[in-house]
Amino acid sequence: MASEPTAAAPPVDSTNHGLRVVVAWLVLSAIATPLVAIYVGPLIPPGNGSVQAQGQVFDNQVMTSLMTPVLCLMAVFFAYGLIKFHARRSEAVLDGPPLRNDARVQLLWIVITSTMVLFLAGFGTYELLKDGAGGGQGPNPIALPAGHQSAFQVQVIGQQWQFTYRYPSFGGLESNELYLPENTLVELHVTSLDVIHSFWAYELGVKADANPGVDNVAYVTTKGPLTFHVRCAELCGLWHGYMYNNGYVVSDAQFHSWAAQQMRLYASIKPFMDKPASQGGAPYALSYFPAPGGGPPQVRAG
Ligand SMILES: [Cu+2]
């Protein structure tokens, strides 16, 4: 009787690979996470130009720190698998033992990822509600920073293709320069005369849609003197790429002397500007509508 060829039994492996991976992951995470939190997180934009920008840097720091152990797990898992289980050239390629569900791993996976996602949702909501985080909140903001009742108001008006700024506490003064006093809570009212724009004051950590007919409120608390970039962040026509400028946070004294100088320049056109729109004026209003067929923008009724 011919002997049956015996199949080679798969090699018995008693090594606890899972434990090795977990230990390597914990060691790598314990080293990498503080390094990322301390050295990488603070480098992420937009910098510490305002209280809200600083808050965004902190948020990025928290998120990159949370992300690091997840990334480490992926790296360790792949590295271990590639090194430990790759087939050598001299070996026949054998199929491994069949995989079965592992209820503990599944449960851990669900619990850990759900906890992280829920924590980040809660953390993000808290950070938003604290001071608005520099985002446009529409006409009725719910994330009001402390002391918002006495915030300094500045209107930001997008138009093809520049931003202009009006200061209601200076008689509706309009300028194409944005000056802000230092250490001040500023309430920005962002709107547009024509198409949709987006007011992005990068180092201030402010980004808010500028839409015609909408008064989009965003808060920012300035810190020390700062030159910041303003860009339009919404494709708004032919010269969208040209729609950038510098803005300045200056001392109180410098701000008032700038405002006084602007008021002198503005005085000659103020009577014309204050006329009703029907007479060609552009009196201060919280939002404007483009006039059908051109002409001066219409003040929103009501
Ligand atoms: Cu624009």
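The preceding data block contains the structure.
Let us look at the structure shown here. (Residues numbered from 1 in each chain as written. Predicted model: local features only at pLDDT ≥ 70, side-chain atom pairs only at ≥ 80, totals over all residues. Heavy atoms only, no water.)

## Some remarks on the overall build of the chain
At step 1: Summing up its helical and strand segments, the chain has five helices and 12 strands in all.
At step 2: Dimensions of the chain along its principal axes, counting C-alpha atoms only, are 115 × 45 × 35 Å.
At step 3: Here the chain, with 302 residues, has 35% of them falling under the buried criterion.
At step 4: Sequence-distant contacts in the chain: of pairs separated by 6 or more residues, those separated by 24 or more amount to 65%. (Helix = DSSP H or I, 4+ residues; strand = E, 2+ residues; numbered from the N terminus. Buried < 20%, exposed > 50% of the residue type's maximum accessible area, 1.4 Å probe, protein only. Contact = heavy atoms within 4.5 Å.)

## Some details on the sheet that holds strand β8 (residues 216-221)
Working definition: the strands of a sheet are paired by backbone hydrogen bonds and lie parallel or antiparallel to each other.
At step 1: Spatially, five strands are ordered β3-β2-β1-β5-β8 in an open sheet, and the strand pairing comes out mixed. Only two strands of the sheet have a single partner each, and these edge strands are β3 (173-175) and β8. On average, each strand axis in the sheet is tilted by 25° relative to the strand beside it, whichever way the strands run. (Pairing = 2+ DSSP bridges. Axes fitted to C-alpha atoms, helices over the stretch in contact; angles between N-to-C directions.)

## Digging into the sheet that holds strand β4 (residues 178-181)
At step 1: With mixed pairing, the five strands of this open sheet are ordered in space as β4-β10-β9-β6-β7. Each edge of the open sheet carries a strand with a single partner, namely β4 and β7 (206-210). Within this sheet the neighbouring strands show an average axis-to-axis angle of 20°, counted without direction.
At step 2: Across four bridges, the pairing between β4 and strand β10 (residues 244-250) is parallel. Directly across from L180, in β10, lies its bridge partner V249.

## Description of the side chain of D59
At step 1: As for its position among the elements, D59 is in helix α2 (residues 51-85).
At step 2: Within the buried core, D59 has no salt-bridge partner, and the shortest N-O distance to an opposite charge, that of K130, equals 6.1 Å.
At step 3: Setting aside anything within four residues of it in sequence, one finds D59 in contact with F123 and E127. (Lys, Arg positive; Asp, Glu negative; His and termini not counted. Salt bridge = Lys/Arg side-chain N within 4 Å of Asp/Glu carboxyl O.)

## Re the side chain of E127
At step 1: When you line up the elements, E127 lands in helix α3 (residues 103-131).
At step 2: Setting aside residues up to four positions removed in sequence, E127 forms contacts with G55, F58, D59 and A133.

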